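Each chain is listed here by its residues.
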Amino acid sequence: MRVLVTGIGTFWGSRIAQELETHDDVEVVVGLGTNEPVLPLERTEYVRSDSGYTILQRIVHATQVDTIVHTHLVVDSTQLSGRATHEINVIGTMNLLAAAGTAGSPVRRLVVKSSTLVYGSGRADPYVFREESVRTSPARTRVERSLLEVESFVSDFSEDNPHVTVTLLRFTNILGDHMQTPFAKALRLPAVPEILGFDPLLQFTHEDDACSALTYASRNEVPGVYNVAGDGTMPWSEVCKIVGKRRVPLPPVFTNVAAEPLRFLRVVDLPPEMLSLLRYGKGVDNARFKRAGFQYRFSSAGAVEDFARGLRLESTLGERQPAYRYERDVETFFRHSPAVVRDRE
Amino acid sequence: MPDPWDDPGPTVRVSEPDRREPSVDGLGTPSTDLVPVPSDDRVDDDRLRQGDVDRWGRSESVREIARTLYDPLYRYWFRAEWDGLEHIPRHGGALLVANHAGAIPADAPAVMHGIETELGRPVYGLAEFLFRDVPVLGTLWARAGGVTAHPENAYRLLHDDHQLVLVFPEGVKGTGKLYRDRYQLRRFGRGGFVEIAMRAGVPVVPIAVVGAEESMPVVWKSPRLAKVLGVPYVPLTVNMLMFGPLGLVAYFPAKFKLRVLPPVHFDVEPDQERYSRSRVMDEADQIRGRIQDALYDMLRQRKSVWAG
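What you are looking at is a predicted structure, and each value in this text was computed from that prediction instead of being measured.

Reading guide: rules and limits
- Per-chain numbering applies: the sequence of each chain, read as written, is numbered from 1 onward.
- Chains and ligands are labelled sequentially in the order written, the chains with letters from A and the ligands with numbers from 1.
- Since the coordinates come from a predicted model, pLDDT governs what is reported: local features require at least 70, and pairs of side-chain atoms require 80 or more to be given and counted, while whole-chain, interface and lining totals use all residues.
- Excluded from the side-chain calculations are hydrogens and water; all other atoms, namely the structure's heavy atoms, are used.
- In this text, helices come from DSSP runs of H or I with a minimum length of four residues, and strands from runs of E with a minimum of two, each type numbered from the N-terminal end.
- Residues are treated as being in contact if the distance between any of their heavy atoms lies within 4.5 Å.
- With residues, only the protein chains shown are counted as cover, and all accessible areas are computed by Shrake-Rupley using a 1.4 Å probe.
- Exposure classes here rest on a 1.4 Å probe applied to the protein chains alone. A residue is buried below 20% of its type maximum, exposed above 50%, and partly exposed in between.
- Ring pairs are drawn from Phe, Tyr and Trp, using the six-membered ring of Trp, whenever the two centres fall within 6.5 Å, and their geometry is named by plane angle: stacked under 30 degrees, edge-to-face over 60, tilted for the rest.
- Whether a charge sits over a ring depends on NZ of Lys or CZ of Arg being within 6 Å of the ring centre and within 35 degrees of the ring normal.
- Strand pairing follows a simple DSSP-based rule, namely that at least 2 bridges must link the two strands.
- Here the axes come from fitting lines to C-alpha atoms, over the contacting stretch only for helices, and the angles between their N-to-C directions go from 0 to 180 degrees.
- Definition of nonpolar core: a set of buried residues of the types Ala, Val, Leu, Ile, Met, Phe, Trp, Tyr and Cys, connected through side-chain atoms within 4.5 Å.
- For every residue, the predictor assigns a confidence score, pLDDT, that lies between 0 and 100.
- Criterion for a salt bridge: a side-chain nitrogen of Lys or Arg within 4 Å of a carboxyl oxygen of Asp or Glu.

Considering the overall build of chain B
A count of helical and extended segments in chain B gives ten helices and nine strands. Across chain B, every contact between residues at least 6 apart in sequence was considered, and the portion connecting residues at least 24 apart equals 76%. For chain B, the computed accessible surface area is about 15,700 Å², with 57% contributed by carbon and sulfur atoms.

Next up, the structure:
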């Protein structure tokens, strides 16, 4: 098995590469990213690329990878501008699919990380979305639109390339010590925002489950679209209670306007997607991925509880600096220098 | 679309006792990840939860407070009286279908309260998504057992959770009708409730309610104002004429009588993609007819609006 992981410069990509490295049947891991890996990697080969992944075709051809794990999709609109998000999500995926779909391409498996943001969140929604459910209102935010576009590309690709196993995973509100998601950021604040008079039901995924879901999909034959989320939904008030945080209400009308000063003062950036989640909530059905054999370690409540533990440790020790920095020379030395004794039993 | 993209179904299955059977991952290596455990969607990690709000937003503790507060009204104001409660199944899902009336309908809480106290089973009431947009009230409504009327929600409640679900197929057409049209059932939607019951494989239990019409009669309504405000109707009720704004909450003490009719079982295969339109409309019409007949019968027997 020869794997290419995109977005190696993000926690996702590095973590997946780390997990894949431990498996003996994975011969090669190529990590593609605009930034350097954020976690120490044993044998993954890092290739720097532009955000649009224009060199992908050459890499695929040169490395003869049979599996591509596409983790580099932006789902948090606070990270980047709308234009950059579009570039990474839409153009990046387009180039990736073009590279994977050329005649004679060695790629036989494609795993794409999407988000349950594609369902939207509105008043006319069902409480639990299945994979086939269609959204009830058109996508208004840039991130949602770009993800929908990506999904339609991926769906077309799977239709045009029946010999490639395509897995699309839609992740739901990930919580964990390492991932900076809008919810994780909000819950790290001294007081957590809510919308006055609303207490939506929300569902969470633990970052460990999220990463093992991607690894699972890249190592097993699970074609199709799957929701990934911990079991159960719970009210936002209860989430804050478990984390042990007080809540500050935002006004129920002109919420977005009220969130603007917070954004401006860099207190917290509440993207529009999150504001509608804080109003209407959202749940997804995770049964299909379970039927495909995946086992979750954390329920929604479990993910929140574990996140709370991490926060408590953090509040005692203070915020820790990332322990690892990628040094090209060092990495090259360990991987390629004849002085290093490899394959030692 | 019969496309693997749409529903791959269960792809990885390990045949029974031999847990070491090679998986179909093409590697031939057994992986511990692949042993599926019997999983139940609804079992949450209860130990970690710090509240009793279920996945429909209902909270038994809130519901209990609501019942305590509502009980005097139910018992001494409306003096609700049930007939045929034995028709409501003690176990398993069932779709309760009732007529709907009164500007701010008093029938929904009465039916939910009655069944919860008499049978000790929770009832989920389906309603327009309007509630979901209202701060505070919308949250309380959900905690008290209100669920947005979406076919997917109804199906899950009935099929997966085996609950009692109350629905008013007339919707706002029933509550918005004028007093002169009292006890004249409106159209029962497009029969969607029958289709959901068929798909979920549960019976429909029709309930005829007498009294809600007189508890808050609508004498006039303003379609124009309703359009401006974006609500289904803006009624003028007798209660408002008599008590002013207080009339929004002041019900007349009409005697409530509720009759549960024998359940209707549909002899069809559940979980079908589609059901015959004509069959669905036919069944919906028949159920509507039975409730209408029961209402006429009850009104024939009723000697007084207030004393029953």
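Okay, back to it.
Some points on the overall build of chain A
Along chain A, the regular secondary structure elements total twelve helices and 15 strands. Each principal axis of the C-alpha atoms in chain A carries an extent, and together these give about 65 × 50 × 35 Å. Relative to its 345 residues, chain A shows a buried fraction of 61%. The long-range share in chain A, meaning contacts at least 24 apart out of those at least 6 apart in sequence, stands at 78%. Carbon and sulfur atoms make up 53% of the accessible area of chain A, which amounts to about 14,400 Å² in all.

Structural notes on the packing of aromatic side chains
Tallied over the full model, the rule gives 19 aromatic pairs over all chains. Between Phe294 of chain A and Tyr296 of chain A, the aromatic rings sit 5.0 Å apart at their centres with planes inclined by 90°, giving edge-to-face as the arrangement. Using a relative accessible area of 6% as the deciding quantity, one classes Phe294 of chain A as buried. The exposure class assigned to Tyr296 of chain A is buried, which follows from its relative accessible area of 17%. Relative to Phe334 of chain A, the ring of Phe333 of chain A lies with its centre 5.2 Å away and its plane at 70°, an arrangement referred to as edge-to-face. Three or more aromatic residues link up through ring pairs in this structure, and these residues are Tyr216, Tyr226, Phe289, Phe294 and Tyr296 of chain A. The lysine or arginine in question, Arg58 of chain B, covers the ring of Tyr124 of chain B, its NZ or CZ lying 5.6 Å from the ring centre. Over the face of the ring belonging to Tyr179 of chain B we find Arg182 of chain B, whose NZ or CZ atom lies 4.1 Å from the ring centre.

Brief notes about the sheet that holds strand β2 (residues 94-98) of chain B
Residue and element names in this part refer to chain B. Strand order across the open sheet formed by seven strands is β1-β9-β6-β2-β5-β3-β4, with mixed pairing between neighbours. Taken across any chain shown, the strands that pair with only one partner, and hence form the sheet edges, are β1 (81-83) and β4 (146-148). Along the sheet, successive strands turn relative to each other by an average axial angle of 25°, direction set aside. Bridging between β2 and strand β6 (residues 204-210) involves four bridges; their strand directions are parallel. Counterpart to Leu95 in the pairing with β6 is Val204. This element, helix α2 (residues 107-119), spans β1, β2, β3 (123-127), β5 (164-167), β6 and β9 (257-260) of the sheet and lies at about 165° to β3.

Examining the environment of Val111 of chain B
Residues and elements named next belong to chain B. Here Val111 lies in helix α2. Given a relative accessible area of 0%, Val111 falls into the buried group. Residues Val111 and Arg288, 177 residues apart in the sequence, show an inter-C-alpha distance of 18 Å. Setting aside anything within four residues of it in sequence, one finds Val111 in contact with Trp82, Leu166, Ile207, Val209 and Leu258.

Comments concerning the sheet that holds strand β5 (residues 109-115) of chain A
Residues and elements named next belong to chain A. An order of β3-β2-β1-β4-β5-β7-β12 is seen for the seven strands of this open sheet, with the pairing classed as parallel. At either margin of the open sheet sits one strand with a lone partner, and together these are β3 (45-48) and β12 (224-228). Across this sheet, the average inter-strand angle for adjacent strands is 20°, counted without regard to direction. Of the strands in this sheet, β1 (2-6), β2 (28-33), β4 (67-70), β5 and β7 (165-171) touch helix α1 (residues 11-21), which is tilted by about 165° from β1. Across the sheet, helix α2 (residues 56-63) lies against β1, β2, β3 and β4, angled at about 170° from β2, the strand it touches most.

Overview of the nonpolar core
One recurring pattern in soluble globular proteins: nonpolar side chains tend to sit buried together. Residues and elements named next belong to chain B. If you look at the biggest cluster of nonpolar residues, it comprises 41 residues, and the most contacted ones within it are Leu95, Val97, Phe193, Val204, Ile287 and Ile291. Of all the elements in the fold, those that place two or more residues in this core are β2, β3, α3 (137-143), α4 (151-160), β5, α6 (192-200), β6 and α10 (277-301). In terms of residues, this core owes the most to one element, α10, which gives seven residues. Those residues in contact with Leu95, other than ones at most four positions away along the chain, are Leu158, Val165, Val167, Phe193, Ala197, Val202, Pro203, Val204 and Val205.

Things to note about the confidence of the model for chain B
All names here are of chain B. Taken as a whole, chain B shows an average pLDDT of 86; of its residues, 85% reach a score of 70 or greater. Least confident of the elements in chain B is helix α5 (residues 172-175), whose mean pLDDT is 88; most confident is β5, at 97. Below pLDDT 50 for its whole length, residues 7-44 participates in 62 contacts with residues either more than four positions away or in separate chains. Of the two predicted TM-score estimates for the complex, the pTM is 0.87 and the ipTM is 0.87.

Structural notes on the environment of Val111 of chain A
Residues and elements named next belong to chain A. Within the secondary structure layout, Val111 lies in strand β5. You can call Val111 buried: its relative accessible area is 0%. It is 15 Å that separates the C-alpha atoms of Val111 and Val60, two residues lying 51 residues apart in sequence. Once residues lying within four places of it in the same chain are set aside, the contact partners of Val111 are Ile68, Val69, His70, Thr167, Leu169, Leu214, Ala217 and Ser218.

With respect to the confidence of the model for chain A
Counting all residues, the mean pLDDT for chain A is 90, and 98% of those residues have values of 70 or more. Here helix α12 (residues 328-336) of chain A is the element of chain A with the lowest mean pLDDT, 83, and β12 of chain A is the one with the highest, 97.

Notes on the pattern of salt bridges
Scanning the model with the defined rule gives 44 salt bridges over all chains in all. In this structure, Arg67 of chain B engages Glu60 of chain B in a salt bridge whose closest nitrogen and oxygen atoms are separated by 2.7 Å. A network of salt bridges, in which partner residues are shared, links Arg130, Glu132, Asp285 and Arg288 of chain A together with Glu152, Arg156 and Asp160 of chain B.

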